[in-house]
Amino acid sequence: GAVVSQHPSRVICKSGTSVKIECRSLDFQATTMFWYRQFPKKSLMLMATSNEGSKATYEQGVEKDKFLINHASLTLSTLTVTSAHPEDSSFYICSARSLAGGPGNEQFFGPGTRLTVL
Amino acid sequence: GEDVEQSLFLSVREGDSSVINCTYTDSSSTYLYWYKQEPGAGLQLLTYIFSNMDMKQDQRLTVLLNKKDKHLSLRIADTQTGDSAIYFCAERADNNDMRFGAGTRLTVKP
């Protein structure tokens, strides 16, 4: 099946610093990548949708200047959490939709990145 | 807005069947999915069903879809300890937006 990787898997940073998370589709081209945030005992919250070569579309309530998304190629999207605060601590998951589309055009998920802001 | 709802917890004994239920509200959903999330990991697609189907079976997994009631279920036969995880139901609407339930944490006791 299609593989999506995320790097790093865990990151701890100081308050006020910026953190970049990479999401890569390893064996397919992804026209669209999604960034989610997962809170304990809650569902995935879609933060933004990014299409290769264009600006990301952010969901309501998500600050685009704080969560910078770049989808520079068909296999790479990055999420940068700028001026991180402890409340940004969370599990961030990316997913990618294949250019070819699966049977249901489903999304393939990365393993997630655990961000802890001290 | 439309929500996908699941109960948060399910506990079964090893060898029993598990049934995880989900309700959704968007009648235009084209595909419905079940994902599995193991601790500290991302979501793994388990199975999916097209909205014009009632049932899909894949080894130990059986998906039932009642489109009239907007109810989706996942049955895991002969549940094993390795099946302990969080199971998410998700729907894909016409516009390709995907909505997830909150996830059901399945605990399998030996």
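Per chain, residues are indexed from 1 in the order of the written sequence. Whichever chain is written first is A, and whichever ligand is written first is 1; the rest continue in order. Since the coordinates come from a predicted model, pLDDT governs what is reported: local features require at least 70, and pairs of side-chain atoms require 80 or more to be given and counted, while whole-chain, interface and lining totals use all residues. Water and hydrogen atoms were dropped before computing side-chain values, which therefore reflect all heavy atoms in the structure.

Starting at the N terminus, helices and strands are each numbered in turn, a helix being any DSSP run of H or I of at least four residues and a strand any DSSP run of E of at least two. Within chain B, the secondary structure is distributed over zero helices and 11 strands. Helices and strands appear in chain B in the N-to-C order β-β-β-β-β-β-β-β-β-β-β. Using C-alpha atoms as the atom set, the radius of gyration is obtained and then compared with a globule rule of 2.2 Å times the number of residues to the power 0.38. Taken over C-alpha atoms, the radius of gyration comes to 13 Å for chain B, in line with the 13 Å a tight globule of 110 residues would show. By its C-alpha atoms, chain B is 40 × 30 × 20 Å across when sized along the principal axes. Exposure is judged per residue with a 1.4 Å probe applied to protein chains only, and the accessible area is read against the type maximum: over 50% gives exposed, under 20% gives buried, and values in between give partly exposed. Relative to its full complement of 110 residues, chain B shows a buried share of 43%. Note on definitions: a residue-residue contact is assigned when non-hydrogen atoms from the two residues lie within 4.5 Å. Put simply, of all contacts in chain B between residues at least 6 apart along the chain, 55% involve residues at least 24 apart. All accessibility values rest on the Shrake-Rupley procedure with a 1.4 Å probe; residue burial counts only the protein chains present in the view. As displayed, chain B has an accessible area near 5400 Å², and 46% of this comes from carbon and sulfur atoms. Charge convention: Lys and Arg are scored as positive, Asp and Glu as negative, and His as well as the terminal groups of each chain are ignored. Every charge is mapped to an atom, namely NZ of Lys, CZ of Arg, CG of Asp or CD of Glu. Of the side chains in chain B, 12 bear a positive and 15 a negative charge, and the two mean positions are spaced by 3 Å.

For the purposes of this analysis, a disulfide is any pair of cysteine sulfur atoms at a distance within 2.5 Å. Under the counting rule described, the total for this entry stands at two disulfides over all chains. One disulfide in the model links C22 of chain B with C89 of chain B; its S-S distance is 1.8 Å. Here the residue C22 of chain B occupies a position in strand β3 (residues 18–23), and C89 of chain B occupies one in strand β9 (residues 85–92), the gap between them amounting to 67 residues. Note on accessibility: C22 of chain B and C89 of chain B belong to one class, buried. No disulfide involves C13 of chain A; its nearest neighbouring cysteine sulfur is the one of C94 of chain A, lying 18 Å away. Owing to a relative accessible area of 9%, C13 of chain A belongs among the buried residues under this scheme.

Residue and element names in this part refer to chain B. Following DSSP output, two strands are said to pair if at least two bridges run between them. Read across the sheet, five strands follow the order β1-β3-β8-β7-β6 without closing on themselves; strand pairing throughout is antiparallel. The outermost strands of the open sheet, each flanked by one partner alone, are β1 (5–6) and β6 (55–58). Two elements, β1 and β3, share two bridges in a ladder whose sense is antiparallel. Across the sheet, the residue bridging to Q6 is C22, located in β3.

Residue and element names in this part refer to chain A. With antiparallel pairing, the four strands of this open sheet are ordered in space as β1-β3-β8-β7. Two strands bound the open sheet, and with one partner strand each, they are β1 (4–7) and β7 (67–73). Along the sheet, successive strands turn relative to each other by an average axial angle of 15 degrees, direction set aside. The sheet contact formed by strand β3 (residues 19–25) and strand β8 (residues 76–81) spans six bridges and is antiparallel. By the bridge assignment for β8, I21 is matched with L79. Structural elements are reduced to axes, namely lines fitted to C-alpha atoms, with helices fitted over the stretch in contact, and the angle between N-to-C directions of any two is expressed from 0 to 180 degrees.

Further remarks concern the side chain of S18 of chain B. Residues and elements named next belong to chain B. Here S18 shows up in strand β3. A relative accessible area of 0% means that S18 is categorised as buried. Under this definition, polar contacts are N or O atom pairs within 3.5 Å; protein pairs additionally need one hydrogen-donor-capable and one acceptor-capable atom, and for neighbouring residues in sequence, both atoms have to be side-chain atoms. A distance of 2.8 Å separates the side chain of S18 from the side chain of T79, its partner in a polar contact. Setting aside residues up to four positions removed in sequence, S18 forms contacts with L10, V12, L74, R75, I76, T79 and L106.

Turning next to the interface of chain A and chain B. The partner chain B presents 18 residues to the 18 residues of chain A that form the contact. What counts as a salt bridge is simple: a side-chain nitrogen of Lys or Arg found within 4 Å of a carboxyl oxygen of Asp or Glu. Viewed at the interface, chain B and chain A are joined by zero salt bridges. Across the contact surface, chain A and chain B share three residue pairs in polar contact (both at pLDDT 80 or more). When residues of the side of chain A that touches chain B are traced back to their parent elements, those giving at least two are β4 (30–38), β9 (90–98) and β10 (107–109) of chain A. Sorting elements by how many residues they give to the side of chain A that touches chain B places β9 of chain A first, with three residues.

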